[in-house]
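Commentary on secondary and tertiary structure
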Amino acid sequence: MADDFIKAMDWDAFDMGKGGQETQDWLEECTAPFFKDKTKRELYDKALEIKMGLCPVSTSKDLAENSQLKSSS
């Protein structure tokens with residue numbers, strides 16, 4: 001799904017902090033179609049499978065419905 005520019009980037013050397021808002025906006029535009037139709041769980045499970053560092057960011061609703069947190073109450 002990635003365009004040629006994204007495929008050619010040196011992601012090991014990439015520093016989002018130096019890219020600025022324009023770079024962030026461009027990356028969001030390029031990656032949004034991929035993430036749009038996947039759930040956090042699907043992304044997390046796949047990341048675990050391929051040993052990729054990725055974790056979901058929980059909303060307050062996610063935390064309220066988290067079975068592990070409920071069991072500790």
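Residues numbered from 1 in each chain as written. Predicted model: local features only at pLDDT ≥ 70, side-chain atom pairs only at ≥ 80, totals over all residues. Heavy atoms only, no water.

**Topic: the overall build of the chain**
Of regular secondary structure, the chain possesses 5 helices and 0 strands. Each helix (α) and strand (β) of the chain, taken in turn from the N terminus, gives the series α-α-α-α-α. The C-alpha radius of gyration of the chain comes to 16 Å, more than 25% above the 11 Å expected for a compact globule of 73 residues. Seen along its three principal axes, the alpha-carbon backbone of the chain occupies a region of about 45 × 25 × 25 Å. Per-residue burial for the chain yields a buried fraction of 7% across its 73 residues. For the chain, the accessible area works out to roughly 6500 Å², and carbon and sulfur atoms hold 55% of it. Positive and negative charge centroids in the chain, built from 10 and 15 side chains respectively, lie 9 Å apart. (Helix = DSSP H or I, 4+ residues; strand = E, 2+ residues; numbered from the N terminus. Rg over C-alpha atoms; globule rule 2.2 N^0.38 Å. Buried < 20%, exposed > 50% of the residue type's maximum accessible area, 1.4 Å probe, protein only. Areas by Shrake-Rupley, 256 points an atom, 1.4 Å probe, with all protein chains shown as cover. Lys, Arg positive; Asp, Glu negative; His and termini not counted. Charge placed at Lys NZ, Arg CZ, Asp CG, Glu CD.)

**Comments concerning the pattern of salt bridges**
Tallying each qualifying case throughout the model produces 5 salt bridges. Where Asp45 meets Arg41, a salt bridge forms, and the shortest distance between an N and an O atom there is 3.1 Å. Linking Asp45 with Arg41, this pair stays in helix α3 (residues 40-49), spanning 4 residues, or about one helical turn. Close ionic contact of Glu49 with Lys46 constitutes a salt bridge, the shortest N to O distance being 3.2 Å. Pair noted here: Glu49 and Lys46 are both in helix α3, with a separation of 3 residues, about one helical turn. With a relative accessible area of 42%, Lys46 lands in the partly exposed category. (Salt bridge = Lys/Arg side-chain N within 4 Å of Asp/Glu carboxyl O.)

**Concerning the packing of aromatic side chains**
Inspection of every chain in the model, using the stated rule, returns 2 aromatic pairs. When the centroid spacing of 5.2 Å and the interplanar angle of 65 degrees are considered together, the rings of Trp11 and Phe14 count as edge-to-face. When the ring of Phe34 is compared with that of Phe35, the centres are 5.1 Å apart and the planes differ by 85 degrees; the resulting orientation is edge-to-face. In this structure, Lys38 is placed above the aromatic ring of Phe34, and the distance from its NZ or CZ to the ring centre is 4.1 Å. (Phe/Tyr/Trp six-rings, centres within 6.5 Å; stacked < 30°, edge-to-face > 60°. Lys NZ or Arg CZ within 6 Å of the ring centre and 35° of its normal.)

**Section: the environment of Met16**
Following the sequence through the fold, Met16 ends up in helix α2 (residues 16-36). With relative accessibility at 35%, the residue Met16 sits in the partly exposed group. For the pair Met16 and Trp26, spaced 10 residues apart in sequence, the C-alpha separation works out to 12 Å.

**Remarks on unusual backbone geometry**
Within the chain, Lys51 stands out as a residue other than glycine whose phi angle is a positive 55 degrees. Within the secondary structure, Lys51 sits in the loop between α3 and α4 (60-64).

**Notes on α2**
Over its 21 residues, α2 extends only 21 Å from the first C-alpha to the last, a length that falls short of the 30 Å expected when each residue adds 1.5 Å. Of all the bends in α2, the greatest measures close to 80 degrees and is centred on Glu22. (Expected span 1.5 Å × (residues − 1). Bend = angle between axes of the 7 residues up to and from the residue.)

Everything listed is a geometric property; what it means functionally is a separate question.
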